[in-house]
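Spelled out from the first residue to the last, the chains are:
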Amino acid sequence: AQKVTQAQTEISVVEKEDVTLDCVYETRDTTYYLFWYKQPPSGELVFLIRRNSFDEQNEISGRYSWNFQKSTSSFNFTITASQVVDSAVYFCALSALGQTGANNLFFGTGTRLTVIP
Amino acid sequence: DTGVSQDPRHKITKRGQNVTFRCDPISEHNRLYWYRQTLGQGPEFLTYFQNEAQLEKSRLLSDRFSAERPKGSFSTLEIQRTEQGDSAMYLCASSLTTGGRNTEAFFGQGTRLTVV
């Protein structure tokens, strides 16, 4: 069974602060993908990153960074120097990697981030 | 616009009526997914197609729901005899899956259904 837990329901930070969004996952699969998506008020899910289970190297993209730790089944997301435009709901998701390719996504319940100017 | 397109964006219907939504995926993508998202929750998987074949259906997809992708391009999701509990955002996504390559899923803006 797949499960993704985002324990933080809502977070508020003041602009320019750093913020970390937590994600813990459960899966019996040995190969899988982990994702982060952003959902702004417009409703569309915007892809941010995909990580496969073979690669625990952390990644940085501009103000965004991701920390994948298989030992704790966590895939945390940090925004550095937050901006008002970062305000959105952020979803962590998990996908098994089967013989026919990546399967459907299991999403967490999301973390609503509000950046206060 | 080369993204995933969904139509309509909003639909209000009376309980008991049938509704149909359409999704046009990114043109070269062979996989198409339907998800449902209720308020305050993450999207939940409903079903997916690889080309025209429907490969998986979730238990959330009751007998009143049917999805098709007749030519392996656009897809429709029909809900018959709508109930108030069907009120949700219905999201479509597409991806490309080949022997050695899997792209991430790209989502449309969704169809928000309100059953009154």
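What you see is a predicted model; the values in this text were computed from it and never measured.

Side note on the overall build of chain B
- The helix and strand inventory of chain B stands at zero helices and 11 strands.
- Overall, chain B shows an N-to-C arrangement of helices and strands of β-β-β-β-β-β-β-β-β-β-β.
- Taking 13 Å as the expected radius of gyration for a compact globule of 116 residues, we find that chain B reaches 14 Å, a close match to that expectation.
- The long-range share in chain B, meaning contacts at least 24 apart out of those at least 6 apart in sequence, stands at 52%.
- Carbon and sulfur atoms make up 43% of the accessible area of chain B, which totals about 5900 Å².

Notes on unusual backbone geometry
- Residue P8(B) is bonded to the preceding D7(B) through a cis peptide linkage, with omega at -5°.
- Turning to its location among the elements, P8(B) is positioned in the loop between β1 (5-7) and β2 (10-13).
- With a phi close to 85°, K16(A) is a non-glycine residue in the positive phi region.
- Classification of K16(A) by relative accessible area gives exposed; the value is 69%.
- If you check the backbone angles, S73(A) has positive phi at about 50° while not being a glycine.

Details of the pairing of strand β5 (residues 32-39) of chain A
Residue and element names in this part refer to chain A.
- Here β5 lies mainly inside the structure; eight of its eight residues are buried.
- Side chains Y32, L34, W36 and K38 project from β5 onto one buried face, and the interleaved Y33, F35, Y37 and Q39 project onto a second face that is buried too.
- Pairing of β5 with strand β6 (residues 46-52), which is carried by six bridges, proceeds in the antiparallel orientation. Across the sheet, K38 pairs through a bridge with V46, a residue of β6.
- Counting the residues between successive antiparallel strands, the hairpin from β5 to β6 contains six residues, one of them, G43, with a positive phi of roughly 100°.

Thoughts on the state of the cysteines
- The final tally for this structure, using the stated rule, is two disulfides over all chains.
- Paired through a disulfide, C23(A) and C92(A) show a sulfur-sulfur distance of 1.9 Å. Between C23(A) and C92(A), the disulfide has an S-S torsion of -65° and is therefore left-handed. Placement of C23(A) in the loop between β3 (19-21) and β4 (24-26) and of C92(A) in strand β10 (residues 88-98) is noted, with a sequence separation of 69 residues between them. Here C23(A) matches C92(A) in class, with each residue buried.
- Covalent S-S linkage joins C23(B) and C92(B), the inter-sulfur distance amounting to 1.9 Å. Because the sign of the S-S torsion sets the handedness, a value of about -70° for the bond joining C23(B) and C92(B) places this disulfide among the left-handed ones. Of this pair, C23(B) sits in strand β3 (residues 19-24) while C92(B) sits in strand β9 (residues 88-95), placing them 69 residues apart in sequence.
- You can call C23(B) buried: its relative accessible area is 0%.

Here's the deal with the interface of chain A and chain B
- Counting residues at the interface gives 21 residues for chain A and 22 residues for chain B.
- Across the chain A/chain B interface, buried area totals approximately 1700 Å², and carbon plus sulfur atoms make up 49% of it.
- Summed over the three residues of chain A that lose the most area to chain B, namely E44(A), L45(A) and N104(A), the buried surface amounts to 27% of that side.
- Across the chain A-chain B interface, the total number found is zero salt bridges.
- Where chain A meets chain B, there are three residue pairs in polar contact (both at pLDDT 80 or more).
- Here the side of chain A that touches chain B takes six residues from strand β11 (residues 101-107) of chain A, the largest share from any one element.

A short note on the pairing of strand β5 (residues 44-50) of chain B
Residue and element names in this part refer to chain B.
- In terms of residue burial, β5 counts as a mostly covered element, since five of its seven residues are buried.
- Strand direction decides the pairing type here: strand β4 (residues 31-37) and β5, joined by six bridges, are antiparallel. Bridge pairing links L32 to F49 in β5.
- Hairpin remark: β4 followed by β5, antiparallel, with six residues in the connecting loop; positive phi at G40, about 80°.
- In terms of strand pairing, β5 meets strand β6 (residues 53-57) through four bridges, oriented antiparallel. What sits directly across from F49, in β6, is Q54.
- In textbook terms, the turn of a hairpin is the stretch between consecutive antiparallel strands, and for β5 and β6 this stretch comprises two residues, one of which, N51, has a positive phi near 55°.

What counts as what
- Residues numbered from 1 in each chain as written.
- Chains lettered and ligands numbered in written order.
- Predicted model: local features only at pLDDT ≥ 70, side-chain atom pairs only at ≥ 80, totals over all residues.
- Heavy atoms only, no water.
- Helix = DSSP H or I, 4+ residues; strand = E, 2+ residues; numbered from the N terminus.
- Rg over C-alpha atoms; globule rule 2.2 N^0.38 Å.
- Contact = heavy atoms within 4.5 Å.
- Areas by Shrake-Rupley, 256 points an atom, 1.4 Å probe, with all protein chains shown as cover.
- Buried < 20%, exposed > 50% of the residue type's maximum accessible area, 1.4 Å probe, protein only.
- Pairing = 2+ DSSP bridges.
- Disulfide = S-S within 2.5 Å.
- Buried area = accessible area lost by both parts, 1.4 Å probe.
- Salt bridge = Lys/Arg side-chain N within 4 Å of Asp/Glu carboxyl O.
- Polar contact = N/O pair within 3.5 Å; in protein donor to acceptor, adjacent residues only side chain to side chain.

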